[in-house]
Amino acid sequence: MTKTTTMLAVAGIAVGSLVAYAVYFDYKRRTDANFRKQLRKDKKRVAKNQASSEASASSSGVDVDELKHALETVRQEEVPTTPEEKEKYFMAQVGMGEQLCAKGPTFNLAAALCFYRALRVYPSPVELIVIYERTVPPPVFQIVMQLTNMDVKERVEGYYDCFPPKAMNVAVKTIEVPVKDQPEAFTKKKILVCTKDIEAGELIYKEEAIVTALDSDLQGKGTHCNHCLRSLDPSNAVRPESDRLDSAYCSTECLDKAKTHSQSLLFSLDSPLPALLAPAIPPAARAARDEAQQAFADYLKKHGKAAPQLVARFIARQVSAETAKMIPPGLSGMKGAEPVLTDGGDYTLYDHLERLRYLDVTPSEEETKILREVLQHALPGLEQFVTEERHATYLGGMSYNAFGVYFGEGRDDKPEPTERPEDVEKSRTPLGTQKQVGVGFYAVSSYLNHSCMPSARPSFDEGTAGLHLIANRPLKAGDEVTVAYVDVTQKEGESVDESRRRRRIELVRGWRFACTCERCAQESNGIDEESAKDESKVSDAVKRVEGA
Ligand SMILES: C[S@@+](CC[C@H](N)C(=O)[O-])C[C@H]1O[C@@H](n2cnc3c(N)ncnc32)[C@H](O)[C@@H]1O
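Residues numbered from 1 in each chain as written. Predicted model: local features only at pLDDT ≥ 70, side-chain atom pairs only at ≥ 80, totals over all residues. Heavy atoms only, no water.

The name recorded for the protein in an unreviewed UniProt entry is Mitochondrial import receptor subunit TOM20, from Pisolithus tinctorius Marx 270. The UniProt entry for the protein carries the following comment under Subcellular location (unreviewed entry): "Mitochondrion outer membrane". (UniProt positions renumbered as here; feature names shortened; annotations may be inferred.)

Put into structure tokens, the structure is as follows:
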């Protein structure tokens, strides 16, 4: 209840460790599902008598509108950027909060706002809430919890107001669809719809990939840019001095972006942090980092899959985006580190991944260990971020949502896979994965559902991983936009049934769903006995994976 109590409790935990990536963790925890779960638990445990934050007047005696207004005001305030400033700010706010507490109930809201401000810059918000519970007078603590819950709730619920950006002409809509064989049961599904009328052949939007990975047979050859995937003349390629993947780039601009986003952290001995924040690396640590990166590069080469690389790059890009926020504008040299994916709102890259569907996959222990070591040797502490569970979510998210990048009619020189068909890595590629040069993960396009009669198609017209979504037919505002995840053309010599069966089996293998599109429904009418057997295999496979 005194200044010393909170300050001492806090000092014992982490005030001294406000380094770059600690703030990154802070940011993540604040926004991730586990943190929100924890908050809900805390809310139940702590605020037993607290009226719902939706109620017009709260048990803390502060009107909800007043709280909302206060929250908005705090949100508008600038948060200090450097670790030292944050620490100073934190101490000042806690000190002021405690002084205001002593002045009596009239100052409860003002006191709570101080504690809330301190929470915003503290590296371990959950721990701090637990400390507050012990040290802050209950009525003030209740208000801090209300502010925190309100903030998290608004962030979660407001996401689809800001995303996708309005200029992209699409919106995410949640619809209810009937569950097969269960009359009157419905399930929720997200679809992407147009927000304006579009002509056939018109560009709906263009989207840059958040992360890309070249197909493994092209890695190191110098025929494609490692960042934008553009075709290159190897003799003109830009080659970095130190690069674990022997990467080539089409320009110094792509090289710089790649370094900023992920290459420096994962595949080179450069500092993963900008000079302003970078700690000096002792020679022994350098050697260990080199070894960890070599093991990761060997792993990627041996397994030939893109998803583990996309995962690593996505994590690295989160680090880069969060560290860029900590550096005063103009000083960072990290231009482009933070992708702008929303119309305002304070969302992180993780917000975009978290809401997507993902495949239920289990990364090998070896893969998790290798990735953790690469991260640990780049920034000690970062490895804590890759728990088995989180790694599985990332890997499942990338495997499920990646799009194949292909140019023109695609390529014909990709080595035929040697694995069992069900083990071949799939990406959404209307020409078939054999035609792609690599893959990209896209925040908006991840929401596109499949149709065997798609209303749109991805196109890589600029010869890079920049995805142009083109309408296949006229679309009205509100119509669903779909693409083909697999090659849906009926091949020469293939019957309607055979084509239907091929598509559906590929969809089950790659994305584990039985296609419910209009064309599949139409073509099921004349289904023959042989196809019916395959169809039950599709249903069984889906049941197996969905029931698992
Ligand atoms: C990447 S997600 C697309 C967004 C997703 N609809 C959602 O609700 O988040 C792909 C998933 O959507 C569903 N889906 C997409 N296209 C479908 C189709 N043609 N038929 C049935 N389900 C489909 C499947 O569950 C599939 O696993």
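Peer 1: Account for the overall build of the protein, with residues named and values stated.
Peer 2: Broken down by element type, the protein carries 17 helices and 10 strands. Burial status across the protein gives 53% buried among its 548 residues. Only carbon and sulfur atoms are counted for the fraction: they give 52% of the accessible area of the protein, which is about 25600 Å². (Helix = DSSP H or I, 4+ residues; strand = E, 2+ residues; numbered from the N terminus. Buried < 20%, exposed > 50% of the residue type's maximum accessible area, 1.4 Å probe, protein only. Areas by Shrake-Rupley, 256 points an atom, 1.4 Å probe, with all protein chains shown as cover.)

Peer 1: How would you explain the nonpolar core if you had to name every residue and give the values?
Peer 2: Residues I204, Y205, L265, F314 and L469 are the most contacted members of the largest nonpolar core, which totals 90 residues. Residue contributions to this core peak at eight residues, all from helix α11 (residues 307-325). Mapped onto the domain boundaries, this core takes at least three residues apiece from domain 2 (163-488) and domain 3 (490-548). When near neighbours in sequence (up to four residues on either side) are disregarded, L469 contacts E202, L203, I204, Y205, L448, A456, R457, P458, V481 and V483. (Core = buried A, V, L, I, M, F, W, Y, C linked by side-chain atoms within 4.5 Å. Domains from an automatic or database assignment. Contact = heavy atoms within 4.5 Å.)

Peer 1: Summarise the site of the ligand; cite the residues concerned and give the values.
Peer 2: The full set close to the ligand counts 16 residues, and K190, Y400, R428, N449 and H450 are the nearest of them. Here R357 contributes a side-chain N or O atom positioned 3.2 Å from an oxygen atom of the ligand. Within the backbone of H450, one N or O atom sits 2.7 Å away from a nitrogen atom of the ligand. Its free accessible area being 560 Å², the ligand has 93% of it covered by the protein chains. Counting only elements with at least two residues in the shell around the ligand, the list comes to β2 (186-194), α14 (388-401) and β7 (449-450). Broken down by class, the residue content of the shell around the ligand amounts to seven nonpolar, five polar and four charged. (Near = heavy atom within 4 Å. Polar contact = N/O pair within 3.5 Å; in protein donor to acceptor, adjacent residues only side chain to side chain. Nonpolar A, V, L, I, M, F, W, Y, C, P; charged D, E, K, R; others polar.)

Peer 1: Give me the confidence of the model for the protein: which residues, what numbers.
Peer 2: On average, residues of the protein carry a pLDDT of 84, and 81% of them reach 70 or more. This model gives residues 544-548 a pLDDT under 50, and the stretch forms four contacts once residues within four places in sequence are excluded. (pLDDT = per-residue confidence, 0-100.)

Peer 1: Tell me about the sheet that holds strand β6 (residues 438-441), residues and numbers included.
Peer 2: The pairing of strands in a sheet happens through backbone hydrogen bonds and is either parallel or antiparallel. The sheet built from three strands is open, its strands ordered β4-β6-β5 with antiparallel pairing. Each edge of the open sheet carries a strand with a single partner, namely β4 (211-214) and β5 (403-405). Looking at each pair of strands side by side, their axes are set apart by 30° on average, direction ignored. Where β5 lies against β6, three bridges are found, and the strand directions are antiparallel. (Pairing = 2+ DSSP bridges. Axes fitted to C-alpha atoms, helices over the stretch in contact; angles between N-to-C directions.)

Peer 1: So, the sheet that holds strand β3 (residues 203-207): which residues are in play, and what are the values?
Peer 2: In space, the three strands of this open sheet follow the order β3-β9-β8, with antiparallel pairing throughout. A strand with exactly one partner marks an edge of an open sheet, and here the two such strands are β3 and β8 (456-459). Put simply, the sheet's adjacent strands are angled 20° from each other on average, direction ignored. Judged from the four bridges that link them, β3 and strand β9 (residues 467-471) form a sheet pairing that is antiparallel. The partner of L203 across the bridge, within β9, is I470.

Peer 1: So, the state of the cysteines: which residues are in play, and what are the values?
Peer 2: All chains considered together, the criterion is met by zero disulfides. Here C517 stays unpaired: no disulfide links it, and the sulfur of C515, its closest cysteine neighbor, is 3.6 Å away. Using a relative accessible area of 8% as the deciding quantity, one classes C517 as buried. (Disulfide = S-S within 2.5 Å.)

Peer 1: How would you summarise the packing of aromatic side chains if you had to cite specific residues and measurements?
Peer 2: According to the stated counting rule, one finds 15 aromatic pairs in the structure shown. Plain terms: the ring middles of F115 and Y132 are 5.1 Å apart, the flat faces sit at 65° to each other, and that makes the pair edge-to-face. Of this pair, F115 sits in helix α6 (residues 108-121) while Y132 sits in helix α7 (residues 125-135), placing them 17 residues apart in sequence. Judged by relative accessible area, which is 0%, Y132 ranks as buried. With centroids separated by 5.1 Å and ring planes inclined at 55°, the aromatic side chains of Y485 and W511 adopt a geometry described as tilted. (Phe/Tyr/Trp six-rings, centres within 6.5 Å; stacked < 30°, edge-to-face > 60°.)

Peer 1: I'd like a rundown of the environment of E98, residues and numbers included.
Peer 2: Take E98: it is sitting in helix α5 (residues 83-101). Given a relative accessible area of 10%, E98 falls into the buried group. Note: C-alpha distance between E98 and P137 (39 residues apart in sequence) is 9.3 Å.

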